[in-house]
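Observations on the three-dimensional arrangement
Chain by chain, the residues:
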2 protein chains.
Amino acid sequence: MENFNFYSPTMFVFGKGEENNTGAYVKKFGGTRVLLHFGGGSAVRSGLIDRVKASLDKEGITYVTLSGVQPNPRSGLVYEGIELCRKEGVDFILAVGGGSAIDSAKAIAAGVPYDGDFWDFYDDNPNRPVVEKALPVATVLTIAAAGSEASGDTVITQEKGMFKRGTGSDVLRPKFSIMNPELTMTLPPYQTASGAVDIMVHVLERYFTNTPDVEITDRMCEGILLTMLNEVPKVMENPGDYEARANIMWAGTVAHNNICGVGREQDWASHEIEHELSALYDCAHGAGLAVIFPAWMEYVSQHHDLSRFAQLAVRVLGCQMDFAHPENTVKAGIAALRRFWHSIGMPTSFAELGAKEEDIPAMVENMRIGQRSIGHFLPMTKESCAAIYHLACR
Amino acid sequence: MENFNFYSPTMFVFGKGEENNTGAYVKKFGGTRVLLHFGGGSAVRSGLIDRVKASLDKEGITYVTLSGVQPNPRSGLVYEGIELCRKEGVDFILAVGGGSAIDSAKAIAAGVPYDGDFWDFYDDNPNRPVVEKALPVATVLTIAAAGSEASGDTVITQEKGMFKRGTGSDVLRPKFSIMNPELTMTLPPYQTASGAVDIMVHVLERYFTNTPDVEITDRMCEGILLTMLNEVPKVMENPGDYEARANIMWAGTVAHNNICGVGREQDWASHEIEHELSALYDCAHGAGLAVIFPAWMEYVSQHHDLSRFAQLAVRVLGCQMDFAHPENTVKAGIAALRRFWHSIGMPTSFAELGAKEEDIPAMVENMRIGQRSIGHFLPMTKESCAAIYHLACR
């Protein structure tokens, strides 16, 4: 096992109706004047924003609002938020929404006390500054997927050039995250399924490791995946199934606060390979992962550590071990995963996603392999990325 | 799933040699003058205390020491520690050891800024005060068992009357816990095994619940238990197996920081039933649990929710499901758990522990059932506790 630090100081407040206690938690963590930051649309229509405002009013906490966060949150709104917070004397940022609202809130929180351009923290510059001071951030989560409610990470799209960059810092970890599974019940099925794939791949990126003998995190990964296999079909069948929504929402947090990834090298190639798909076709991240991840498994299992793929197939995907021909077990496992994602309405091929085989050379070029390394379990080359895209076409 | 708060703000610093960074972490968390609190004996002889002192010196952090913590830490040393901290202007408490040193350190931390007697926090008085202010506490852990490195809980034995009481508060959660699995390699085998049972029962007390449909925590519990079944025999065979020690040490933390217990009612009857054994015979807590827990399973499975026992037997203990006669699967599971604990050198009966059947009525009387409730999965009566003690005699 590798040496590691695990630090997850966020207070998770989980369950029915907890959004009505938001004000009390803001007060507990010292907020007096809040920026309420969200997308708009459904959070307003559902009455959630009004409930959160009422809970702030109840505690005598004042607020200003900034709505309009888009999926893949933009730099423009961050600049606006920083300006607004300074002008209004805001001392606490509250994101209401999914990963986009939370990531945008973290960027604003980092920018307010910083003298320079907040983008300095996200820039490719190897000497970029780290975020050492930030306003406190907290969240009211409405989508189970990204895990940003439990991390110090944030990804923003720079509007000058439309490229995504990320940064992270312990000071950006939310002080608290309010997680009411009921708030996820009104998501469209495609978005629920896409979030489920994202959660599962957060676990799988950690599962495929070259670090030997980290059984405790192997077993926790397997437990989260088994939970997803059992619970996700229930919400596809009945979107109002509270217990299944609750299991998935908490799975999303433990899948990505790194409790199931400590002490081990992790892979993350599939996330990089998928990014090109969502950049080019504007598809949902989870849908892109459902196409890429099984193709990555097919390619990598032919080149590296078959036994780890067999372990996943047997322990998680319900396959029998073919001791004489373990490659058959691996193939059965990959097929089972693809079948599962297909069964919840996810695409598992380029065609179903609307991606085109002829775009592969351009996507591989965009990945800038050589300038940066991609993947740890099996480091990727241009050739292997191209092969994975081609496997995803079938 | 029940509503829950999960809060574990401790920074876990895990791996080889990390005790040499203790000073840097004390500084990071604002300590300038430290009480170094430990048992003595092995921590001194092994050179650990000297390494910790050297790391404090390196950062210019001064310290005073208070050694002499005993298993089942006593109130007398706590009073001494409070006095010493006040006199010496200590602003940070560092425990080096296992659960006893850590629990004693938490008591001192709570007592220093408190005007009254620290015992007020532990007293049976229903209006007892809660710990709202405390000096910051941190730990260098040397035993994988109690989980105190990750909790805000502390249990102290009052010397006037020799009874144990506990309290807990978020302000007593360690700022950081340094966990080097190498430090556990020199434990006597009996203590290693006893710690392993304690860890497993921390999970099992959470596993036996009446809350339906908390699959995510079921699966995480099962993952930790499967890890223990696989890793503990390795350290019994080879005490210097770093990887196995590391898996067990981290299992001990996740077993008891409640990440595997959120959203569900928990049981904890076996802990209460065992307390009488360790009080009367001064046996190791884990050894007592190895005797009591299988007996609790035997009794309770005959009265309540057979399916949960069958789930444990099949998913964790490697039993085949006997669909026509599930009670046979349950019996096989209980036998397998007993066999496992026996195989690592633990007692599994009164006789092996040195306990006496004729003491049962006195132990049952001491439990004060009626004045307090014991157990949630199946609430205990005097009769059921007596029956469990008798089952443990066989």
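Cut-offs used in this document
Residues numbered from 1 in each chain as written. Chains lettered and ligands numbered in written order. Predicted model: local features only at pLDDT ≥ 70, side-chain atom pairs only at ≥ 80, totals over all residues. Heavy atoms only, no water. Salt bridge = Lys/Arg side-chain N within 4 Å of Asp/Glu carboxyl O. Helix = DSSP H or I, 4+ residues; strand = E, 2+ residues; numbered from the N terminus. Buried < 20%, exposed > 50% of the residue type's maximum accessible area, 1.4 Å probe, protein only. Expected span 1.5 Å × (residues − 1). Pairing = 2+ DSSP bridges. Axes fitted to C-alpha atoms, helices over the stretch in contact; angles between N-to-C directions. Contact = heavy atoms within 4.5 Å. Buried area = accessible area lost by both parts, 1.4 Å probe. Polar contact = N/O pair within 3.5 Å; in protein donor to acceptor, adjacent residues only side chain to side chain. Nonpolar A, V, L, I, M, F, W, Y, C, P; charged D, E, K, R; others polar. Core = buried A, V, L, I, M, F, W, Y, C linked by side-chain atoms within 4.5 Å. 1 Å grid on protein atoms, 1.4 Å probe; cavity = no way out; pocket = protein on both sides within 12 Å on 5 of 7 lines; lining within 4 Å. Points joined across faces, edges and corners; volume = space filled by probe spheres on them. Domains from an automatic or database assignment. Arc of directions from axis to C-beta. Phe/Tyr/Trp six-rings, centres within 6.5 Å; stacked < 30°, edge-to-face > 60°. Lys NZ or Arg CZ within 6 Å of the ring centre and 35° of its normal. Least-squares fit on C-alpha atoms with pLDDT ≥ 70 in both.

**A look at the pattern of salt bridges**
Following the criterion strictly, the structure yields 32 salt bridges over all chains and no others. A:K234 serves as the salt-bridge partner of A:E231, at 3.3 Å between the closest nitrogen and oxygen. Of this pair, A:E231 and A:K234 both sit in helix α7 (residues 215-237), three residues apart, roughly one helical turn. Residue A:E231 is classed as buried on the basis of its relative accessible area of 3%. With a closest N to O distance of 3.6 Å, B:E59 and B:K27 form a salt bridge. Placement of the pair is B:E59 in the loop between α3 (48-58) and β3 (62-66) and B:K27 in helix α1 (residues 22-28), with a sequence separation of 32 residues. With a relative accessible area of 25%, B:E59 lands in the partly exposed category. On the basis of relative accessible area, B:K27 is assigned to the partly exposed category, the value being 48%. The structure contains a network of salt bridges with shared partners spanning A:E215, A:R219, A:E222 and A:R315.

**Some details on helix α9 (residues 269-281) of chain B**
All names here are of chain B. Spanning 13 residues, α9 covers 19 Å between terminal C-alpha atoms, matching the ideal 18 Å at 1.5 Å per step. Residues of α9 that are buried: A269, S270, H271, I273, E274, E276, L277 and S278. Trailing α9 by a residue or two, D282 shows a phi angle of about 55°, which is positive.

**Notes on the sheet that holds strand β1 (residues 4-14) of chain B**
What the 12 strands build is an open sheet, ordered β3(A)-β2(A)-β4(A)-β5(A)-β8(A)-β1(A)-β1(B)-β8(B)-β5(B)-β4(B)-β2(B)-β3(B); its pairing is mixed. Among the strands making up the open sheet, the edge pair consists of β3 (62-66) of chain A together with β3 of chain B. For this sheet, the mean angle separating the axes of adjacent strands, direction not counted, is 25°. Pairing of strand β5 (residues 137-141) of chain B with strand β8 (residues 176-179) of chain B, which is carried by three bridges, proceeds in the parallel orientation. The residue of β8(B) that forms the bridge with B:V140 is B:I178. In this fold helix α4 (residues 75-88) of chain A packs onto β2 (33-38), β3 and β4 (92-97) of chain A, with an angle of close to 160° to the strand it touches most, β3(A). Sheet strands in contact with helix α5 (residues 99-111) of chain B are β2 (33-38), β3, β4 (92-97) and β5 of chain B, and its direction is about 165° off that of β4(B).

**Topic: the interface of chain A and chain B**
Taken together, the contacts link 40 residues of chain A with 40 residues of chain B. Counting each side, the surface lost to burial between chain A and chain B is near 3,700 Å², with a carbon and sulfur contribution of 56%. By the criterion of area lost to chain B, the three top residues of chain A are A:M1, A:I216 and A:W250, representing 17% of everything that side buries. Applying the counting criterion to the chain A and chain B interface returns zero salt bridges. Taken together, the links from chain A to chain B amount to 20 residue pairs in polar contact (both at pLDDT 80 or more). Here the side of chain A that touches chain B takes 11 residues from strand β1 (residues 4-14) of chain A, the largest share from any one element. Within the side of chain A that touches chain B, the residues separate by chemical class into 23 nonpolar, nine polar and eight charged.

**Concerning the nonpolar core**
Of all hydrophobic cores here, the largest spans 237 residues; its most connected members are A:W250, A:W296, A:W341, B:W250, B:W296 and B:W341. Ignoring sequence-local partners within four residues, the contact set of B:W296 consists of B:F208, B:D267, B:A269, B:S270, B:I273, B:F309, B:F377, B:M380 and B:I388.

**Comments concerning empty space enclosed by the protein**
Residue and element names in this part refer to chain B. By the definition in use, this model includes five cavities of 30 Å³ or more. By volume, the largest cavity amounts to about 80 Å³. For the largest cavity, the lining is made up of 13 residues, of which A144, L187, T192, R245 and I248 are closest to its centre. The element that contributes the greatest number of residues to the lining of the largest cavity is helix α6 (residues 189-207), accounting for four residues.

**Looking at the domain arrangement of chain A**
Residues and elements named next belong to chain A. Here chain A is described as being made up of domain 1 (11-183) and domain 2 (186-391). Computed over C-alpha atoms only, the centres of domain 1 and domain 2 are separated by 28 Å. In this assembly, 20 residues from domain 1 lie in contact with 19 residues from domain 2. When the buried surface of domain 1 facing domain 2 is broken down by residue, A144, A145 and P181 rank first, second and third, together holding 30% of it.

**Thoughts on helix α3 (residues 48-58) of chain A**
Residue and element names in this part refer to chain A. All buried positions along α3 are accounted for by L48, I49, V52, S55 and L56. All buried residues of α3 project into a common sector of 125° when viewed along the axis, lining one side. Among the exposed residues of α3, those pointing more than 90 degrees away from its buried face are D50 and K58. Those residues of α3 that are buried lie in contact with α1 (22-28), β2, α2 (42-45), β3, β4 and β5 (137-141). G60 lies just past α3 and shows a positive phi near 70°.

**Remarks on the packing of aromatic side chains**
Applying the stated rule across the entire model yields 50 aromatic pairs over all chains. When the centroid spacing of 5.7 Å and the interplanar angle of 45° are considered together, the rings of A:Y25 and A:F176 count as tilted. Here A:Y25, found in helix α1, pairs with A:F176, found in strand β8 (residues 176-179); they are 151 residues apart in sequence, far enough to count as distant. Ring geometry for A:Y207 against A:F208: centres 5.7 Å apart, planes inclined by 85°, an arrangement best described as edge-to-face. The side chain of A:R308 reaches across the aromatic face of A:Y207, ending 5.0 Å from its centre. Cation over ring: B:K16 sits above B:Y242, and NZ or CZ is 4.4 Å from the ring centre.

**Structural notes on the relation of the copies chain A and chain B**
Mapping chain A onto chain B calls for a screw motion: a turn of 180° about the axis and a shift of 0.0 Å along it, with 0.0 Å RMSD after fitting. With respect to symmetry, the two chain copies, as superposed, fit the operation of a two-fold axis. For chain A, the smallest separation between a C-alpha atom and the rotation axis is recorded for A:P9, amounting to 1.8 Å. Interface overlap between copies is the fraction of interface residues in one copy that are interface residues in the other; for chain A against chain B it reaches 100%, indicating a shared surface.

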